Structure formats: structure tokens, C-alpha cells
Amino acid sequence: MSFSLPTDASAEGWRIDHILHVTHWAVVMLAIVTLVWLGISLVRDRKHRQAVFTHGTSRREKAVPLALAAFVFFCVDGYLLLRSHSDLNASILRANDMLKKDGTIRVQIGARQWAWDIRYPGADDRFDTADDFYTVSELVVPIGRPVVFELGSGDVIHGFYLPNFRIKQDAIPGRVLRGWFQPKKLGSYDIACAQHCGVHHYQMGGTVRVVSDAEYRAWSAAMSLDGARLHAEDARAQVEEAGYQLVVEGNWPEAAPSRAWAWPWGRSVQIKESERTP
Amino acid sequence: MSKKPWIRRYVFSTDHKIVGLQFLWAGLLFLLVGGLLAMVMRWQWAHPGEPVPWVGNLLFAESNGAVTPASYTGLFTSHGLMMVFFAVTPILIGAFGNYVIPLLIGARDMAFPRLNMLSFWLTLVAQCLALASILMPEAPSSGWTMYAPLTSRLDSVPGHGQELMMLAIFLVGVAGIMGAVNYITTVLTHRAKGMTMMRMPLSVWGLFLTAILNALFIPVLAVAALLLLLDRVYGTHFFEPAVGDPILYQHLFWLFGHPEVYILILPVWGMISDLFSYFSRKPAYWYRGSVYSMMAICALSGLVYGHHLYQTGLGPMLGTAFEALTLAISGPAVILFVNWLCTLWRGSIRYEVPMLFAIGTLIVFAGGGLTGLYLGPITADIYMHDTLWVVGHFHLIMSAATLMGSFAAIYYWYPKMFGRMMNERAGQVHFVGTLVFAILTFGGMLVAGYEGQGRRLFDPFQYEFIVHLKSINRQTSYAAFGMGLFQIIFAVNFIGSLVWGKRASANPWDVPSLEWTVSSPPPSENFAEEPVVHNGPHELGNPAVQKALGKDWLGQDEAMP
């Protein structure tokens, strides 16, 4: 037992760690005050002693609880609220801005029972083209570049959880939610599912592999070629298999593009109008 | 009254005392069921995949006595639902609400005795359904939150156990509304002469405010359960994506679910506020401040539920509003808490067993409140959400604090209920064991959660980042077993004292409130004539009274000399 957070592999993870550590200070301070106060009351005043008679209703007596409440409310709560608000605006909700930056990696993650289907846009950096490629439960990302993910679910609600990147986002059927992180340490890290999603919830793990830029380029080029070949074979079959279309609309942080992406695994494949089989 | 047949007096009774005791027995029985489920569940985290000792072959015959992934989902679902709806609620609200409200306000019975009886029997039906549901070959396995579309479809959560359980929750909700209407009416209309609202013991305030929350929010739960049942059984699409909305369910569930925490803890707050006063022989510090704080928390309780939905893509504006309101709850909570500490300060403390449990409640409640600070801010919650930190936090409040509060209340009112005292030494041992092991159990969960361990995992050690937490999980499990074993002492004491307990006098604790003015146990219809109330409930340690009467307390029905 060490009571420490998992390794922080994300450039923005310190924000979460910071607010947790500040909370530690506040909590330890309040706990000490409480325990010392309680301890003195319990130890000093024993049965033989006459209790001090007061209803605690004088102005001065009421000031004690009121002052402490005000202190906790303004100092502790106030700091936590402002701090989290500024972190959200400065970084955590900035996924859409990251998309505008050069070098941002975009992936689409589809959760299903019990795996994570991950789609990359391929060499042209656009989804719904022939060189898109897929991985299952393995997210490969280069170090030092923002990764924007669009998250959806094909069946029930899952929780996309990257403990080492301080990321947790529910994957909700019918919605596409966007988030981002920026890896700062090479290595392999866990993807976990945070939301109970059925019997094998506990097995819905995966891996984030943070690799060097060169390695990422080589890997994605190879996968992209592979993707194009597979696409030519499978695309028609997939489209025919899927009988209906579903318009997926995101609502956070702003609406994701409404014809966003296709579920690679069946149930509700979204198809371009021109591609629909008659 | 005495002409009524035995069955109307003791079984289908409309006497609030009998109904209260029926709730108490039923609640304690299901506390046992819920507790045993937790023990089996903790075994799996201590020794994953190993056969459960003693009961393994009985419960999990196909897997040679080991918990299977499917049965594990059944265990945590049933444990949560059993405890929240069928154990803690009947004990705190059903038993104490019924038994003590009329006695404390000087009434002869509840406003609607027959509705009261119906409320208990409906609860019992619901309890039987719940028990049947977990004995089905496919027990409910959705998690106690029963999120859609996991639960609203048949493929992920199979079996009729789930439906039985949903029906049970609906019924217990209806019973809860009956009780709530009854409590509110009784408190508003049946108070004795002179018993103004601001002279009511704080226990009554806690139960009264709980009843208001119940009346407001249980209907929301009942509706959510019903819609879910319709989706599941009749194929409606309330919570289906593309037609309905799965998140709608979470809004409904938590609009009830968050107030539920206060529904369970408010009676405890009220009771321990009184106990601190009585057992430190001192008036409750700033009575009105405590009352207004509890009211403020009630008002806020329905406005903060959004913090359960931070990770669902809640709009940032809405999220921040919920965050601010959530953090604002600490204001009134601190006032209430500091009032307790100030009540104890410079009192003449009697370490009777009810007082020990009240102090224990204060400690674990402080732990629960402080660990909640980590979950309020949206950013901190990104990491903490759905981890064992959350589990440890809400168990400190909804399990440790509500149960220790219930024990305080049981030890305190037992003499009044059964006319006998519980064994003091056994009570002390029960207290020390429960407090120490509760802190170890839920503290262990907090540690594992802080390191990132998720909840509801059949085998958490699949994950690289959790694998080093095996030993803390095992220790936590053994602490939980310890806590379970210490409850045997309570069970023996509770039942044994019925027979061997010392006879209780009318007022064994020297307490001013009205229930202690009548014999133990009270006669039917409680008061021979309507009491007239002259004082607040906490006239203790008044030097003027001491001089005139030679005792340090003044009963609520005694005129100031």
C-alpha cells in the first residue's frame, strides 16, 4: 500500500493531480481540527464534571459554526470550484482546439461488449476514406502530440478509462463525445472499462502504447496500406449487411459532425447517401 | 382495545409501536442477507477464483464452489439493493420513524394507522420478491443503479430475477410514499399541546425532513423503475438510443438517488444530535441552526444530483452549476457538524453504549464527508469517478454512518421498545469492533480507489495498474469479515436481552423527551392523557432546575419551577 496515484503519462495530468493534492491538504487540516476538538471534549470532561449550561444561541456562540462554515465554503470549496473551472477551460475541454493544431492525432473509439474498436483516419487524415484502419483494444499514439478521441458505443454504456492519462469518459450509445490527452512518457498503459457493462465488464481491458514519432509513422503507414486493401474487400459486404442508418449527433463540447463515422462492427453502420445500396 | 383478537394486536396491527418493531425485525433480517452477500463478494477479491469456504459448494456448485463472473455481478447488485431498499430504509425510516415519532411528539398513534400497517405489509411483500429474485437461477446483475440500456434490454442482463427486483423496488417505493405521507401528516397535525415545531426533538426533525424528501423523490424512482420495466418487458423505447435516451434514465435515477443519501442519513443526524445532548448532559448547541441546516441540505439535495453524471458528457455550464451546488452543501453540513462538536464541548459526558455509537457515527460521517470533497470538483472526479474511492466514500456514509447511527438508536430505545436493557459490556465490544473494522474496510477501499481500482470488477487484477493492490484488497476483505463477525455479538445481545436483559425503568437514561414519561414498553395508545409540553427537548444541566428539583434535567412535560 502506497497511497499514490498511478504514473502520470499525460502532459495535462498534473492538473488532476494538483487538485487532488490540494484537497489532501484541506482534508488533513479539517480532520485534525475535528479529531483534536473531539478528543479534548471526550477526554477532558468526565462524568463527575458539571456540564456548562448553554443553548449556544448567543451571537458569539452562533459565530463559531458560522465562521467555520464560511471558511470551508469560501476557502476550500471556492478554491476547488475556481481551480477545476479554470482547468476545464484552459485544457480539459479544449479538444476542438486541439483538432485545429498541426500534428494532432485523431481516433474514433467504438466501445462494445467487451472490447474497444479503434479507427484511425490513415495517411490522408480523413475518416470514411479507403485508407482508414482499425485496431481492437490497442491504441497506438506518438509521444508529445495531442490525441483527440471521439467516443461512441454500439451497445450499452461503457466507461473509457485511462488511469495513467487521467482520462475517464462514458461511452454512450447514440452519442459521440470528444476528449483529448497528450502522452508524455513512452511505454504501455492500461485501458480499462469504468462502467458496469455486463458479465465480462472486468475483461474489457486494452492497451495504450506510447511510441516515438518515427515508430508511429512507420506503423500507421503499414496499417494504412493494409486498411485500404481490407476496405476494398469488405466495404461492399458491410454496407449490404447493414440495413438502416443512424445519424449520430454529439453534444459535447460542441456538436461533433453529424455524419461522423461508421461503426465498424455492424449493428448500426452509417453510410454515405451515395454509397447506399438500392 | 383489548377486545381485539391476538392477530389484530400483534400481527396485522395498526399500533405504530408494533408496526415499528415489525419493520425493525424485517430490516435486521435483510441486513443479515445483505451482509452475507458482501462477505461472499469480498472473498472473491481476497482470493480470486478460489472456492468460497463453507457455502461455496452450496451456492456455486457448477464452478466447484468458486464465484463465477456472472454470479459476481449478481452479488454486488443484490448486495446494494438489499442494503439500500430492504435493510437500511426499513430500519431507519420504517422502524424508528414509526416507533418514535408518535411517542416523541406526544401522540397516541400515527395519523393513518391503517395506511401504516399497509406500508409495512407492502414492504414485506417487496422484501420477499427481492429475496426471490436473488434466488432465481439468474439473479439481478445490473448493478444497483440499473443503468439503461444495459438493464432495459434482455441480452446483457438476462433472466427474470432482474424483473422481480424491479417490481420489488417499485413496491417498496409505493410503501415508502405511504409512510412518508403518514409521517408528514402525523408531525404536522398530531403534536401534543405545547409541542411547537421548534420544541420537537431533533430526531423528529430528521425523520420529518426525510419523509418530505421521500414524498418528493420516491415517485421519481418508482417512475424510473416502471419505465425501465416497460422497456425491458414490453419493448417500449424510453431509454433506447436513437428513439429515447439512455441518459434520461440516469437523470431520473439520480434525481432520486442523490436525495436518497440524505433520506438515509437525516434520521441519523437528528438522532445523534439528540444523543449528544442527552449523554453530555447539556442542551443541543444552537438547535435552530441545526434545524435550518438540515432544511438547507434538504433543499439542496435535489439540486446536486448532476455530479453523478459528470462523465456522461453533461454540458460544461450545467456541470459547473451542479459542481457549485454540490460544494455548497458543505456549508450547512459544517454548521450541523460544528454544532455537534460544540454540544460535546465542556459537557459531562456519559459513555453509555448509545453515546459510543453516536460518537462513532460522528467519526465515520466526518470521514465520509471529507472523502466526498474529492468527488465534487469535475476535474478531480474525472479520475475518481467509478473507482473504489467512490465506493469507500459512500459506504462510510450510507453504510458505516447509517448503521452506527441505527445501532446508537437501537441501544438507546431498546429499553423503551422491549422493557429491558441490552448488555452493556457486549455493546462496548460490539462498538469497538464495528468502528475499527468499518474504518479498516472502507479505508482500504479508499486506498485502492485512489490508486485507480475500478468498481464492479470480478477480477480486478487483470489490469496492470491494479495488480499491486492484491494485498490491500485482501486486507480489506479480512477487515470486512471482522466487521461481520462482530455483528454476531450484536445479534446475540439483541435477542438474548429480550429474555435475560435487566428490567428497564421508565426513564433509564434521565432524558427529558416525552417517550420516557411512559412505562417501558409503553401501553397501547401511549399516553393515558394528552401530555402538555412546556419546554424544548434539551433542558439538561440547567443550574436553576438543579437547585429546585435536585436533578440535572427537566422533562418536556414539566413546568419550569
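Overview of the structure. (Residues numbered from 1 in each chain as written. Chains lettered and ligands numbered in written order. Predicted model: local features only at pLDDT ≥ 70, side-chain atom pairs only at ≥ 80, totals over all residues. Heavy atoms only, no water.)

### Comments concerning the sheet that holds strand 9 (residues 187-193) of chain A
All names here are of chain A.
For step 1, the next point in the chain: Sheet architecture is open: 5 strands sit in the order 4-10-9-6-7, paired in mixed fashion. The outermost strands of the open sheet, each flanked by one partner alone, are strand 4 (138-142) and strand 7 (167-171). Averaged over neighbouring strand pairs, the angle between their axes works out to 20° when direction is ignored. (Pairing = 2+ DSSP bridges. Helix = DSSP H or I, 4+ residues; strand = E, 2+ residues; numbered from the N terminus. Axes fitted to C-alpha atoms, helices over the stretch in contact; angles between N-to-C directions.)

### Description of the packing of helix 12 (residues 353-372) of chain B against helix 14 (residues 388-418) of chain B
All names here are of chain B.
For step 1, the next point in the chain: One way to put it is that helix 12 packs onto helix 14 with a least axis distance of 8 Å and a crossing angle of 165°. Relative to helix 14, the element helix 12 is oriented roughly antiparallel. In the packing of helix 12 onto helix 14, the handedness of the crossing is left-handed.
For step 2, the next point in the chain: Counted by class, the contact of helix 12 with helix 14 contains 16 nonpolar, 9 polar and no charged residues. (Parallel < 35°, antiparallel > 145°, perpendicular 65-115°, else oblique. Left-handed = near helix turned anticlockwise from the far one by under 90°. Nonpolar A, V, L, I, M, F, W, Y, C, P; charged D, E, K, R; others polar.)

### Observations regarding the nonpolar core
For step 1, the next point in the chain: Counting 223 residues, the largest nonpolar core has Phe-85, Phe-86, Trp-269 and Trp-413 of chain B as its most contacted members.
For step 2, the next point in the chain: Ranked by the residues each element gives to this core, the list is headed by helix 4 (residues 69-105) of chain B, at 22 residues.
For step 3, the next point in the chain: When near neighbours in sequence (up to four residues on either side) are disregarded, Trp-413 of chain B contacts Phe-96, Val-100, Leu-104, Ser-203, Met-271, Glu-515 and Trp-516 of chain B.
For step 4, the next point in the chain: Membership of the second largest hydrophobic core comes to 34 residues, among which are Ile-105, Val-141, Leu-151 and Cys-197 of chain A. (Core = buried A, V, L, I, M, F, W, Y, C linked by side-chain atoms within 4.5 Å. Buried < 20%, exposed > 50% of the residue type's maximum accessible area, 1.4 Å probe, protein only. Contact = heavy atoms within 4.5 Å.)

### A short note on the pattern of salt bridges
For step 1, the next point in the chain: Scanning all chains against the criterion turns up 20 salt bridges over all chains.
For step 2, the next point in the chain: The salt bridge involving Arg-175 of chain A is made with Asp-245 of chain B; its shortest N-O contact spans 2.9 Å. Remark: Asp-245 of chain B occurs in the loop between helix 7 (202-234) and helix 8 (246-279) and Arg-175 of chain A occurs in the loop between strand 7 and strand 8 (177-181); the pair is interchain, linking two chains.
For step 3, the next point in the chain: For Asp-245 of chain B, a relative accessible area of 25% corresponds to the partly exposed category.
For step 4, the next point in the chain: Three or more residues joined by partner-sharing salt bridges are found here, namely Glu-12, Arg-15, Arg-83 and Asp-87 of chain A. (Salt bridge = Lys/Arg side-chain N within 4 Å of Asp/Glu carboxyl O.)

### Concerning the packing of helix 8 of chain B against helix 14 of chain B
All names here are of chain B.
For step 1, the next point in the chain: With their axes 9 Å apart at the nearest point, helix 8 and helix 14 run at an angle of 45° to one another. Taken together, the axis directions place helix 8 and helix 14 in an arrangement best described as oblique. Helix-helix and strand crossings are classified by hand; for helix 8 and helix 14 the assignment is left-handed. Seen from helix 8, the contacting residues are Glu-260, Val-261, Leu-264, Ile-265, Val-268, Met-271, Leu-275, Tyr-278 and Phe-279; seen from helix 14, they are Ile-397, Met-398, Ala-401, Thr-402, Gly-405, Ala-408, Ala-409, Tyr-412 and Trp-413.
For step 2, the next point in the chain: When its residues are assigned to classes, the contact of helix 8 with helix 14 shows 15 nonpolar, 2 polar and 1 charged.

### Section: unusual backbone geometry
For step 1, the next point in the chain: With omega at 0°, the peptide bond leading from Gln-113 of chain A into Trp-114 of chain A counts as cis.
For step 2, the next point in the chain: In this structure, Trp-114 of chain A sits in the loop between strand 1 (105-112) and strand 2 (115-120).
For step 3, the next point in the chain: Here the residue pair Ala-148 of chain B and Pro-149 of chain B is connected by a cis peptide bond, since its omega of -5° sits within 30 degrees of zero.
For step 4, the next point in the chain: Positionally, Pro-149 of chain B belongs in the loop between helix 5 (113-135) and helix 6 (161-189).
For step 5, the next point in the chain: Unlike most non-glycine residues, Glu-525 of chain B shows phi in positive territory, near 70°.
For step 6, the next point in the chain: With respect to the helices, strands and loops of the structure, Glu-525 of chain B is situated in the loop between helix 16 (470-500) and helix 17 (543-549).

Interpretation in functional terms is not warranted from these geometric data alone.
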